[in-house]
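Here are the chains, one letter per residue:
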Amino acid sequence: MAFRVLGLLKSNNVANPKGLKKHNLPYIFIWITYYAWVVAFATWWTASPLTVNAFGSHIRNVLHAVNLLSSAVFVVVAKKEWFVKMARGGAVMIIAGMILFLSAPSAPAQLVAAVVIGIFLGCVNIGILMPFVFALNNTEKLFSVVGSNLLICLISLIQNAGEGGSPHDRQNLILSFVVLIIALCAVAFFKKDSVTAVFDENKTAAPTIPRRVYITLVFNCAFAVLGKGIGTGILNITAEIAGNSVIIWYYIGGIFGCLIYYLLYALASKPLVLIGNITFAFIAMGLLCNSFTGQAPGMATLFGLLLGAGNAMGMITMYYIIGVIGKKYSSMRYLKWSIVLIGLCGGVSGIAAGNIIHSVNNSVLTLAASLATVAVMLLFMVLAPLLIQEQYCGDWARDSEMSEIDNDQLYLFRKYRLSKRETEVCRLLLQGYTLRQISAILSISYSTVNTYCTCAYRKLNINSRAELMIMFRDYIAK
């Protein structure tokens, strides 16, 4: 089945592995292995109350919170050209912090070491995020994020199936340290010229990022709080009541979520719309199932399976879309807002909400949190098609389906000296929208749209939409 799917893929389909480039393998390798290590060994998200591996739950909370805060600080001050120094310098400090943690004589000393590790995890996060966004093509991004989440689920599944070790088990700590060093070895192959200023090289200004694109940040924050935050807190409560099998089914669901995500991009038309709906639907249905586990214990298994699939798909979407939009618009601003909002508003507040729910461990509170989360998820699921359809007007959603970002279309308009608004109107006309519809999409009056249209036609030396369609038939074909 898998080989048949691969054989049916077009050469420019983002899911076609032929889009992988040899010179970018170090960036793909470190994203998969390092990101998997961080989430599987050093975050609260995978800190099951029944299984403790490598670090204890308290240390994981510290590592996770400091990591998120540090990432937000480093992304604000970082520049693209610093990514090699940040990745290598951060890697050295993480290794030093791990040695300090392993040799720490007391709990306070371990806490200090954990803070050091967490700070420089954030540094390396941004150091590998730069080439992920600006160097990798979309195929490489897709395989990186799907591969890392698949590896997270496999590692966590093995840990929980084996019932883990004790928080003081040095063997587990040393094993995780070795895995981390292997992952960080890839920084030795980083090259500064991998992250190039594509638009500067072509003497063309980077395209202006439309404001509506920032709507994606709302989805990312909502997912982080509801799915990974509150959802994980409820999962931990259910696991303590129903047993470790719920956690195992959660990671089995995560594996299925990764496979579903890949197949949707390989086979579906406008996969982003389907993925948004399916992600929110899985999480909403899972939390709804959890509300009935008291009356039907078997629903706990379904809850774990659905929540795991939804959370895996949500995590993949979060980073994949950051990568696509960041490269499409060559935008450090979007990258910075993404990490700051996801890290602070989504991540930290999500962890806090999940911990509060888990610490209270009240069945009424859990039921209320489940139903409230389901209501919000359903609201986003209803709104998702409308919002994502609007995103397709900005081209980046279509670009997410292809191996390479295609900004050649922008140059077709630029050489005629069209203004930003004139370009937007022309592109929407070429996509089949009427002037009334364009007025609604761009939130400007009909008369203003008509003025932009007239000015654009004059600069293009044409008189009708039919002539526009003929003139830009290559754009339409793409």
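Reading guide: rules and limits
Residues numbered from 1 in each chain as written. Predicted model: local features only at pLDDT ≥ 70, side-chain atom pairs only at ≥ 80, totals over all residues. Heavy atoms only, no water. Helix = DSSP H or I, 4+ residues; strand = E, 2+ residues; numbered from the N terminus. Phe/Tyr/Trp six-rings, centres within 6.5 Å; stacked < 30°, edge-to-face > 60°. Buried < 20%, exposed > 50% of the residue type's maximum accessible area, 1.4 Å probe, protein only. Salt bridge = Lys/Arg side-chain N within 4 Å of Asp/Glu carboxyl O.

A separate point is the environment of A222. Turning to its location among the elements, A222 is positioned in helix 9 (residues 215-242). Sequence-wise, A222 and I342 are 120 residues apart; in three dimensions their C-alpha atoms are separated by 9.0 Å.

The next point concerns the packing of aromatic side chains. In the structure shown here, the tally under the stated rule is 15 aromatic pairs. Relative to Y35, the ring of W31 lies with its centre 5.7 Å away and its plane at 10°, an arrangement referred to as stacked. Placement of both W31 and Y35 in helix 2 (residues 25-42) is noted, with a separation of four residues, approximately one turn of the helix. When its relative accessible area of 3% is taken as the criterion, W31 is described as buried. Consider the rings of F143 and Y262, whose centres lie 5.7 Å apart with planes at 70°: the pair is edge-to-face. Linking F143 in helix 6 (residues 138-161) with Y262 in helix 10 (residues 245-267), this pair joins segments that are 119 residues apart in sequence. A relative accessible area of 24% means that F143 is categorised as partly exposed. Linked through ring pairs, W31, Y35, F132 and Y319 together constitute an aromatic cluster.

Next up on the list: the pattern of salt bridges. Tallied over the entire structure, the rule returns three salt bridges. Salt-bridge contacts for K328 lead to D399; the nearest nitrogen and oxygen are separated by 2.7 Å. With a gap of 71 residues between them, K328 in helix 12 (residues 299-328) and D399 in helix 15 (residues 396-399) connect regions that are remote in the sequence. For the pair shown, K328 and D399 are each scored as buried. Residue E424 pairs with R421 through a salt bridge whose shortest N-O separation is 2.8 Å. Taken together, the residues E424 and R421, both in helix 17 (residues 420-430) and three residues apart, mark about one turn of the helix. Relative accessible area serves as the criterion here: at 13%, E424 is assigned to the buried category.

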